[in-house]
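# Structural description and commentary
What follows is the residue order along each chain.
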Amino acid sequence: MVSTCKSVRNLRRFPIAAQRSAEAAAEEREQHLRTITKKRGSRAAKLSADASRRLRRLLGDDTWADLRELMQRERMTVRDLLQPPQGLTSSYAKLNKARKQKADAFLRSRDVRPEAIIAIATDYHRAISDVFTAGDNISPGFHLANNLDKWLRLSPFHDRALPWGVFEPDDPQDPHHWEVFRPPFFGFNFGFVPVRNDNFVVDRIHTLNPSLGDVGISITMDDSDAGDFDYASGDGFSTIAFAYVPPTTGLIEVLIDAQCVQGTHRLKTTDEWGWSNSSTGQRNFLMLDVLHPNVSEPSYAEMSAFDKQTDDDGNFLQENLTRGAHYFAQLFSAGPVPAGQSVIVCAGTRSFDASGTNDVSIHSTSDFRWFINSVEVRISP
């Protein structure tokens, strides 16, 4: 199932010409995204169906049907045994272990090796990871304190603390001089695109306080009753927006200084059967988007990544970033903008999460929030 959610923009405070250009670019971008998303959903559905057919050929139709019936019956049995009052003193771990042993014994009785099922699932996860990719226009982000020399070299403004600095360019006649934009911002743009099969529920929460430079995105993917080969992805972004008039034609270059407010990767898995496995990834980015028809796509700086392949029960919490610390991204627009025409520049954050599972329940949550301290903009020399 593919669901393309139209992005939401507030650009009313900007020049009319810039608004029209931005709307035209955004509509073209959304059409392109719909095409990509439809292809991604079709490829994922085909991979899932192909893996299911391989499994049925391995087991045979009768064994496959009997196995699915056994699995459903054993789930219900465990649920009934956990009901009060007897369930209050029952051991879930022991009941769950007995359930898996019955399924393993069934496969042995039909001369089916669990390793053969695992091999099919391994091929599926490898293929599905090639479908759910975050794109190509990605560069690494930087922790400012650990890359201070690089930060100081990027702009003449960096010899002072930007919140209290003087933002007048050293040479205002230089067509490649930097301009600094800081809160309050008055425009914003956000959007979300989920892809999933019927067993997954994919959702998001956007954080947007433009006047504070406060942006965030939290994505959840939940599959409480995983089937043979389930899949899902969530792609969401939240950005502030401002207008910029290029003094000359060329690529827009930006330096984003952002403080991490929240940056957590969470995953809970439940191994439903002994041959089950899963693969889940979460990635977060700082991003630049120039809403102009000449600019083909946003640009991203990867800030945090989490990948977990597991065939077991688990609770995973990973926090790579330091809350309150400064990070920065150096990004370039994916196309030139013309001189003298006001364009709308968006800066913020994006998360791209994806999961493929074979009979492993998935509860995935990524939660990222950033304070956009400053955005420096120029036409790249």
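Residues numbered from 1 in each chain as written. Predicted model: local features only at pLDDT ≥ 70, side-chain atom pairs only at ≥ 80, totals over all residues. Heavy atoms only, no water.

We now examine the overall build of the protein. Within the protein one finds five helices and 15 strands. Overall, the C-alpha framework of the protein stretches about 80 × 40 × 35 Å when taken along its three principal axes. Residues classed as buried in the protein amount to 50% of the 381 residues present. Taking all contacts inside the protein whose residues are at least 6 apart in sequence as the whole, residues at least 24 apart take part in 84%. For the protein, the exposed area adds up to about 17400 Å²; of that, 51% sits on carbon and sulfur atoms. Placing the 43 positive and 49 negative side-chain charges of the protein at their respective mean positions leaves the two points 4 Å apart. (Helix = DSSP H or I, 4+ residues; strand = E, 2+ residues; numbered from the N terminus. Buried < 20%, exposed > 50% of the residue type's maximum accessible area, 1.4 Å probe, protein only. Contact = heavy atoms within 4.5 Å. Areas by Shrake-Rupley, 256 points an atom, 1.4 Å probe, with all protein chains shown as cover. Lys, Arg positive; Asp, Glu negative; His and termini not counted. Charge placed at Lys NZ, Arg CZ, Asp CG, Glu CD.)

What follows concerns the nonpolar core. Judged by nonpolar contacts, the single largest core of 32 residues is most densely connected at Ile-252, Ile-256 and Trp-370. Only β8 (230-244), β9 (250-271), β10 (277-291), β11 (299-310), β13 (326-337), β14 (343-358) and β15 (360-379) provide two or more residues apiece to this core. Tallying contributions element by element places β15 first for this core, with six residues. When sequence neighbours within four positions are dropped, the list of residues in contact with Ile-256 reads Leu-286, Met-287, Tyr-327, Phe-328, Ala-329, Leu-331, Ala-347, Ile-372, Ser-374 and Val-375. Counting 31 residues, the second-largest nonpolar core is a separate cluster that includes Ala-103, Val-112, Tyr-124 and Phe-352. (Core = buried A, V, L, I, M, F, W, Y, C linked by side-chain atoms within 4.5 Å.)

Another point: unusual backbone geometry. Here the residue pair Pro-84 and Pro-85 is connected by a cis peptide bond, since its omega of 5 degrees sits within 30 degrees of zero. Summarising the element assignment, Pro-85 is placed in the loop between α2 (61-81) and α3 (92-109). The linkage connecting Pro-183 with the following residue, Pro-184, adopts the cis geometry, with an omega of 5 degrees. With respect to the helices and strands, the residue Pro-184 is situated in the loop between β4 (179-181) and β5 (187-196).

Below, the discussion takes up the pairing of β8. Counting buried residues along β8, 14 of its 15 residues qualify, which places the element largely inside the surrounding structure. As paired strands, β5 and β8 are joined by ten bridges and run antiparallel to one another. Across the sheet, the residue bridging to Phe-190 is Ser-238, located in β8. In terms of strand pairing, β8 meets β14 through 15 bridges, oriented antiparallel. From the neighbouring strand, Gly-234 faces β14, where its bridge partner is Asp-353. (Pairing = 2+ DSSP bridges.)

Looking now at the confidence of the model for the protein. With 96% of its residues at a pLDDT of 70 or more, the protein shows a mean pLDDT of 91. Element-level pLDDT for the protein is lowest in strand β1 (residues 5-10), with a mean of 69, against a maximum mean of 98 in strand β7 (residues 214-223). (pLDDT = per-residue confidence, 0-100.)

Our focus in this paragraph is the packing of helix α1 (residues 16-59) against helix α4 (residues 114-131). Running from amino to carboxyl end, α1 crosses α4 at an angle of 170 degrees, the nearest separation of the two axes being 10 Å. If you check the angle between α1 and α4, you find them roughly antiparallel. Every residue of α4 that contacts α1 at Arg-40, Arg-43, Ala-44, Leu-47, Ser-48, Ala-51, Arg-54, Leu-55, Leu-58 and Leu-59 is listed here: Ala-116, Ile-117, Ile-120, Asp-123, Tyr-124, Ala-127, Ile-128, Asp-130 and Val-131. Per-class residue counts for the contact of α1 with α4 are 13 nonpolar, one polar and five charged. (Axes fitted to C-alpha atoms, helices over the stretch in contact; angles between N-to-C directions. Parallel < 35°, antiparallel > 145°, perpendicular 65-115°, else oblique. Nonpolar A, V, L, I, M, F, W, Y, C, P; charged D, E, K, R; others polar.)

Moving on, we come to the pairing of β7. β7 sits mainly inside the fold: eight of its ten residues count as buried. Alignment of strand β6 (residues 201-209) against β7, held across nine bridges, turns out to be antiparallel. Note on β7: the bridge partner recorded for Val-202 is Met-221. Connecting the antiparallel pair β6 and β7 is a turn made up of four residues, with Gly-213 showing a positive phi of about 70 degrees.

Attention now goes to the packing of aromatic side chains. Applying the stated criterion across every chain, the model contains ten aromatic pairs. When the ring of Trp-151 is compared with that of Phe-328, the centres are 5.0 Å apart and the planes differ by 50 degrees; the resulting orientation is tilted. Pair noted here: Trp-151 is in helix α5 (residues 148-154) and Phe-328 is in strand β13, with a separation of 177 residues, a long-range link. Each member of the pair Trp-151 and Phe-328 is classed as buried. (Phe/Tyr/Trp six-rings, centres within 6.5 Å; stacked < 30°, edge-to-face > 60°.)

Here we take up the packing of α2 against α3. The contact between α2 and α3 brings their axes to 10 Å, and the two run at 165 degrees. By the angle between their directions, the pair α2 and α3 is classed as roughly antiparallel. The two elements α2 and α3 meet at a crossing, and its hand is right-handed. Side by side, α2 and α3 meet where Thr-63, Asp-66, Leu-67, Leu-70, Glu-74, Arg-75, Val-78 and Leu-81 of the first sit next to Tyr-92, Leu-95, Arg-99, Lys-102, Ala-103, Phe-106 and Leu-107 of the second. Here the contact of α2 with α3 is built from residues that sort into nine nonpolar, one polar and five charged. (Left-handed = near helix turned anticlockwise from the far one by under 90°.)

A separate point is the side chain of Asp-353. For Asp-353, the position within the fold is in strand β14. Despite being buried, Asp-353 has no salt bridge partner; Arg-283 is the closest side chain of opposite charge, sitting 8.4 Å away. Side chain to side chain, Asp-353 and Ser-366 meet in a polar contact 2.6 Å long. (Salt bridge = Lys/Arg side-chain N within 4 Å of Asp/Glu carboxyl O. Polar contact = N/O pair within 3.5 Å; in protein donor to acceptor, adjacent residues only side chain to side chain.)

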